[in-house]
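One letter stands for each residue in the lines below.
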Amino acid sequence: MMCCLALLTSCAAYSMAQSVSPYVINAANKPYLLRSFLMFEGKKRTHVISVGTPEKVNYAYDLKQGALLEVWRGDFIDVREMWEDRGEPQLAKPLGTVLPLSAAPALAALADKDAVWPDSIAFDDLQNQGYVLDKSKMPTFLYAANGADVSDKITVLNGGAALSRTISINNSKQPLYCRVAVGQNIEAHKNNSYVVGDKAYTIKVADGAKAFIRKTQNGKELLVLLANATDSLTYSITW
Amino acid sequence: MKKSTYLLSLLLLGTGLVTVKAQTQTEKQIYPIVTVPIPKEIALEVGGMTFLPNDELAVATRKGEVWIITNPYMKDGQQPKYRLFAHGMHEVLGLNYIKGDLYLTQRAEITRLRDLDGDGEADEYRTMYSWPLSGNYHEYAYGPMLDKDGNMVVTLNLGWIGYGASLSKWHGWMLKFTPDFKLKPFATGFRSPAAMALNNDGEIFYAENQGDWVGSGSIMHVAEGDFVGNPAGLIWSGEPGSPVKLRKQDIPDTGEPEFEVAKRVPGLKTPSVWIPHSIMGNSTSGILNYTDNGNMGPFKGQLFVGDQAQSNINRVFLEKVKGVYQGVVFPFRRGFSSGILRMNWGSDGSMLVGMTSRGWSSTGKAEYGLQRLTWSGVMPFEVQTVKAQPDGFELEFTMPVDEKTARDAGAYQLSTFIYKYHHIYGSPVINQSARSIKAIVVSPDHKKVRLVLDSLKEGYIHEIKMEGLRSENGKIPLLHDYGYYTMNRIPDGEKLVLTDANKPTGNIQVAHHMEGMEHHQMGNMPAAGGAVKGNTDLGKHVIQQPETWTKGPDKTILLGTKPGLKFDLTNITLKAGTKVKLTFKNVDDMLHNFVLTMPASGNAVGEMALKMGLDGEKYYFVPATPKVLAYTVLLQPGQSDTIYFTVPNKPGIYPFICTYPGHYMVMKGQIKVIK
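### Observations regarding the overall build of chain A
Assigned secondary structure in chain A consists of 2 helices and 20 strands. Expressed as a percentage of its 239 residues, the buried residues of chain A come to 50%. Considering only contacts in chain A between residues 6 or more positions apart, those separated by 24 or more positions represent 55%. A total accessible area of about 10,800 Å² is found for chain A, and carbon and sulfur atoms account for 52% of it. Charged side chains in chain A number 25 positive and 23 negative. The centres of these two groups are separated by 4 Å.

What follows is the structure, encoded as structure tokens:
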């Protein structure tokens, strides 16, 4: 009996020692970009980059889908499961409250306005080309998919109140759609603004963009048409 | 006549012109190591290294950074300077300056880095090619290396799920990329191909690590379409562009030696030079060809091979016999500060050695490091080359040998052995038998010794030990007096006629015949070549509940492993005399055991296990010593062993360790015995 208790105590002591603190990374005076695996909607995504900024506005992006996965404010990311010992999970963990967006590709070639938005694009159908940093070291992601060359840049707006995203297509062989938002409910407001969900976040689309809301089986989607071979869309996310 | 010679010798001695006895050489004396300082805040866990045209050293790390180091040589007594060039990549395990650009391999892709605005930092991270991943930690990627035709070469690890598996496309493959980055699958069968290099013929050699289907680490030549041993990658051999014709079902799992299987499975390639595990190294990790710009002794054209687990560098001499690469491995330099991963030639001919050991144990205890291996210029007394002959070997030395010791069979000890080829992780040494010397011929300049053996065994590893050899000048022993020759092909040619003139003096040191003997029949026979004998006391490994335990065990313990060479319980408190039933389950990705030792004896037992020689695995790396109280067998990943023992009556701290070579330093715990 004594031995059993002793063993239990030693086990407990050991597990407490194992509850180690996170290994926190934060951007100092420049953005911190981190390639890692990331869990999103219960699935391990393997070609993900997370960007932490000095303004403490952070996001995660799936390089093989062209998808802005999620955004969050505050501390950037915990890499304990990557850089402690072998880091078997190799998972980076966003710190703070995360606003999940979508794992689906931002761009698609729809057969018509009502065609279902694809959940994903096949690995071989999107050639990710990496990224280029601007003067403030924020990345523009580059890839080729759906017959177009794409650049996708997400930057901090208004000192951290919002994120701005500009998606540009070049040499596009066909009109493409961009799915800007998806949710149970999307309401159009003045000045090209849209409130998504239960005021979870607000999208503001640039003037002149061919934006429209459509109903789907699961709720609503906000789409923008990129009709020309060279075209571009800028919108902001405020939350 | 004799008297005057004697007087002359005395005179010469007095003048200091005749040296009576030179100092025995040491590695430290011949090849000094210089440590390159690293600023405290930089975790320089080296995954890739390359020199830039301006002689700066670029280092890529496992935490995804690229650092550029100015003056790693510490010229003029100046400290090296570090600047951060790039960051954020996913575990970079290869870096190379190719055709004016920096290329690297991270888990998911080949990346090219460019500094577009000249501010000293990369601002273009261009994905040149991206491959799928499963999310398994073991899917490492290495390269890119430039081949002789201008293609980039990358190798991809298997994933680990209790055994090696190819969970995503091309893992377990060597891939080539044309200059415009079209993929050409090149070869498969890889398990953990941590390093590769070109030899002077521009042929590709890679380093494999002991594991499933890999009895011991090795250096292997790779040609297009080769299947190099582990069948997991074969699931992709039917893909368009695959030059490999074999399928998984073509590969037998019998435990025969690989060379036997290769005779009936065309396309199966066997190692060029085996690196016997635990003797020479455990984790073959870096290869550096000794090209003209190196300055490391009289070994140009040979390969230096680094080891992550044993923090050492070995030297490999290769030759081609009947069109097949084979050769010998010798120790070269031990004592590096951490686990070796990458080696590069500096502009002064010194060797930069980049290291990391996070997640794996290494003999050098530092978490990471960067050192410079230099040559003092002092000629080492070494075996320069070993060339196979139709009836034995020709050893070539760096300086003349003393003829008397060279012609004495007692100066040598030779044996042959091999490993099993099967899905089981690693392999014990099998079919070991002693060789004897029938003739010895010393060349007129005393720099070559031809040994004629009783027989050669094609396909086998030939252990060559030369403890009794001395140099002609100074009568010093060899700096490294043992090596292992892989005899893939026995050369044709004239065998030496045995005569009185070439008959050896003395008798060869006989290692006892080991063929077909179970370890528990060994009695007190000495371990083959090992200074420490293996344990034969089965009373320390009781696998059935003792009959006297009528009420069963007092305590049942379930012990497991955690990643990074750890037991999952490290502090156990038990009363003296407690009857214990302990089940140890190995859930890690390498071999482990559990050995309970006397107080203050953990390190001593761990060190003894390192000295068990080729027989080590046969005895589960448990040395014969009263310091060992109880042990489990050496366990494959996924296996368990249940043992029964009684806690000693004397209170104290009783360490337990894993005695697999090198693990004991981190894989340990203790039983605290109380009244």
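Once the structure has been displayed, the description carries forward.
### Here's the deal with the overall build of chain B
Assigned secondary structure in chain B consists of 5 helices and 44 strands. Taken over the C-alpha trace, chain B has a radius of gyration of 26 Å; the compact-globule value for 675 residues is 26 Å, and the two agree within 12%. Dimensions along the principal axes, computed over C-alpha positions, put chain B at roughly 85 × 75 × 55 Å. By residue count, 62% of the 675 residues in chain B fall in the buried class.

### Some points on the pattern of salt bridges
By the definition in use, this model includes 37 salt bridges over all chains. A salt bridge links K56 of chain A to D75 of chain A, with the shortest nitrogen-to-oxygen separation between them at 3.2 Å. One end of the pair, K56 of chain A, is in the loop between β3 (43–52) and β4 (57–62); the other, D75 of chain A, is in the loop between β5 (67–73) and β6 (77–78), with 19 residues separating them in the sequence. You can call D75 of chain A partly exposed: its relative accessible area is 36%. Between K566 of chain B and D85 of chain A there is a salt bridge, and its shortest N-O distance comes to 2.6 Å. One end of the pair, K566 of chain B, is in strand β37 (residues 566–567); the other, D85 of chain A, is in the loop between α2 (80–83) and β7 (93–94), on a second chain. Looking at K566 of chain B, the relative accessible area reads 29%, which means it is partly exposed.

### Notes on the pairing of strand β7 (residues 101–106) of chain B
All names here are of chain B. In terms of burial, β7 is a largely internal element, 6 of the 6 residues being buried. Covered by surrounding structure in β7 are D101, Y103 and T105 together with L102, L104 and Q106, the residues of both alternating faces. Relative to β7, strand β6 (residues 95–98) is paired through 4 bridges, and the arrangement is antiparallel. Among the inter-strand pairings, L95 is bridged to a residue of β7, identified as L104.

### Concerning the interface of chain A and chain B
Taken together, the 39 residues of chain A in the interface contact 50 residues of chain B. Taking both partners together, chain A and chain B bury about 3,700 Å²; carbon and sulfur atoms supply 53% of that area. Our enumeration of links across chain A and chain B arrives at 7 salt bridges. Residue D119 of chain B is joined to K137 of chain A by a salt bridge in which the shortest nitrogen-to-oxygen separation is 2.7 Å. Applying the counting rule to chain A against chain B returns 18 residue pairs in polar contact (both at pLDDT 80 or more). At the level of secondary structure, the elements contributing two or more residues to the side of chain A that touches chain B comprise α1 (2–18), β2 (32–40), β3, α2 and β10 (126–133) of chain A.

### A closer look at the sheet that holds strand β44 (residues 668–674) of chain B
Residue and element names in this part refer to chain B. Spatial strand order, β38-β44-β43-β40-β41: 5 strands in an open sheet with mixed pairing. The open sheet terminates on both sides in strands that have one partner only, identified here as β38 (571–575) and β41 (628–631). When strand polarity is set aside, the average angle formed by the axes of neighbouring strands in this sheet is 25 degrees. Relative to β44, strand β43 (residues 652–657) runs antiparallel, the two sharing 6 bridges. What sits directly across from Y654, in β44, is I671. Strand contacts of helix α5 (residues 602–610): β40 (595–597), β41 and β43, with the helix running at about 25 degrees to β43, the strand carrying the most contacts.

### Quick look at the confidence of the model for chain B
Mean pLDDT for chain B: 94, with 94% of residues reaching 70 or above. Low pLDDT, under 50, characterises residues 512–528 of chain B; the stretch is placed with 35 contacts to residues that sit more than four places away or in other chains.

### Structural notes on the packing of aromatic side chains
In this structure the tally under the stated criterion is 36 aromatic pairs over all chains. Residues Y32 of chain A and F76 of chain A carry aromatic rings whose centres are separated by 6.3 Å and whose planes lie at 50 degrees to one another, so their mutual orientation is tilted. A residue pair is termed long-range when its members are at least 10 positions apart, and Y32 of chain A in strand β2 and F76 of chain A in the loop between β5 and β6 qualify at 44 residues. Their ring planes at 45 degrees and their centres at 5.4 Å tell us that W274 of chain B and Y419 of chain B sit as a pair that is tilted. Residue W274 of chain B is found in strand β19 (residues 273–274), and its partner Y419 of chain B is found in the loop between β29 (413–418) and β30 (430–435); the two are separated by 145 residues along the sequence. The class of Y419 of chain B is buried, set by a relative accessible area of 1%.

### Regarding the side chain of R35 of chain A
By the secondary structure assignment, R35 of chain A is in strand β2. At 2.9 Å, the side chain of R35 of chain A and the side chain of E109 of chain B are in polar contact. Leaving out residues up to four positions away in the same chain, R35 of chain A has contacts with H47, V48, I49, L63 and M82 of chain A together with G88, M89, H90, Q106, A108 and E109 of chain B.

### Here we look at the confidence of the model for chain A
Summarising the model, chain A shows a mean pLDDT of 92, and 92% of its residues fall at 70 or more. Overall, residues 1–18 of chain A carries pLDDT values under 50, and its contacts beyond four positions in sequence, including any with other chains, amount to 17 contacts.

### With respect to the nonpolar core
If you look at the biggest cluster of nonpolar residues, it comprises 58 residues, and the most contacted ones within it are Y59, F141 and I203 of chain A together with V66 and L113 of chain B. Residue contributions to this core peak at 4 residues, all from strand β14 (residues 176–183) of chain A. Among the nonpolar cores identified, the runner-up in size contains 37 residues, and L559, L565, F656 and V673 of chain B belong to it.

### Considerations on a nonpolar patch on the surface
A contiguous nonpolar surface patch, about 280 Å² in accessible area, is contributed by I161, Y163 and L167 of chain B. Inspection of the secondary structure assignment puts L167 of chain B in the loop between β13 (164–165) and β14 (173–177).

### Comments concerning the side chain of R214 of chain A
Residues and elements named next belong to chain A. Here R214 is to be found in strand β18 (residues 210–216). Only 2.5 Å separates the side chain of R214 from the backbone oxygen of K113, close enough to count as a polar contact. A polar contact of 2.8 Å, which involves the side chain of R214, links it to the backbone oxygen of A115. Contact partners of R214, with chain neighbours within four places excluded, come to L110, K113, D114, A115, V116, W117, G219, K220, E221 and L223.

### Some words on the sheet that holds β2 of chain A
Residues and elements named next belong to chain A. Here we have 5 strands laid out as an open sheet, ordered β2-β3-β4-β5-β8, and antiparallel in their pairing. One side of each edge strand has no neighbouring strand; the edge strands of this open sheet are β2 and β8 (98–100). Direction aside, neighbouring strands of the sheet carry axes that sit 30 degrees apart on average. Looking at chain direction, β3 and β4 are connected through 5 bridges and run antiparallel.

### Notes on unusual backbone geometry
Across the junction of G143 of chain B and P144 of chain B, the peptide omega takes the value -10 degrees, indicating a cis bond. Structurally, the position occupied by P144 of chain B is in strand β10 (residues 141–146). Backbone geometry at N146 of chain A places phi at a positive 55 degrees, although glycine is not the residue there. Along the polypeptide, N146 of chain A turns up in the loop between β11 (139–145) and β12 (148–157). On the accessibility criterion, N146 of chain A (22% relative accessible area) is partly exposed. One non-glycine residue, N191 of chain A, adopts positive backbone phi at about 55 degrees. Topologically, N191 of chain A is positioned in the loop between β15 (186–189) and β16 (193–196).

### So, α5 of chain B
All names here are of chain B. Within α5 the residues assigned to the buried category are G602, V605, G606 and A609. Each buried residue of α5 sits inside an arc of 100 degrees when the element is viewed along its axis, so together they form one side. The secondary structure elements touched by the buried residues of α5 are β40, β41 and β43.

Calculation rules
Residues numbered from 1 in each chain as written. Chains lettered and ligands numbered in written order. Predicted model: local features only at pLDDT ≥ 70, side-chain atom pairs only at ≥ 80, totals over all residues. Heavy atoms only, no water. Helix = DSSP H or I, 4+ residues; strand = E, 2+ residues; numbered from the N terminus. Buried < 20%, exposed > 50% of the residue type's maximum accessible area, 1.4 Å probe, protein only. Contact = heavy atoms within 4.5 Å. Areas by Shrake-Rupley, 256 points an atom, 1.4 Å probe, with all protein chains shown as cover. Lys, Arg positive; Asp, Glu negative; His and termini not counted. Charge placed at Lys NZ, Arg CZ, Asp CG, Glu CD. Rg over C-alpha atoms; globule rule 2.2 N^0.38 Å. Salt bridge = Lys/Arg side-chain N within 4 Å of Asp/Glu carboxyl O. Pairing = 2+ DSSP bridges. Buried area = accessible area lost by both parts, 1.4 Å probe. Polar contact = N/O pair within 3.5 Å; in protein donor to acceptor, adjacent residues only side chain to side chain. Axes fitted to C-alpha atoms, helices over the stretch in contact; angles between N-to-C directions. pLDDT = per-residue confidence, 0-100. Phe/Tyr/Trp six-rings, centres within 6.5 Å; stacked < 30°, edge-to-face > 60°. Core = buried A, V, L, I, M, F, W, Y, C linked by side-chain atoms within 4.5 Å. Patch = residues over 30% accessible without salt bridge, like charges linked within 9 Å, V, L, I, M, F, W, Y side chains within 5 Å. Arc of directions from axis to C-beta.

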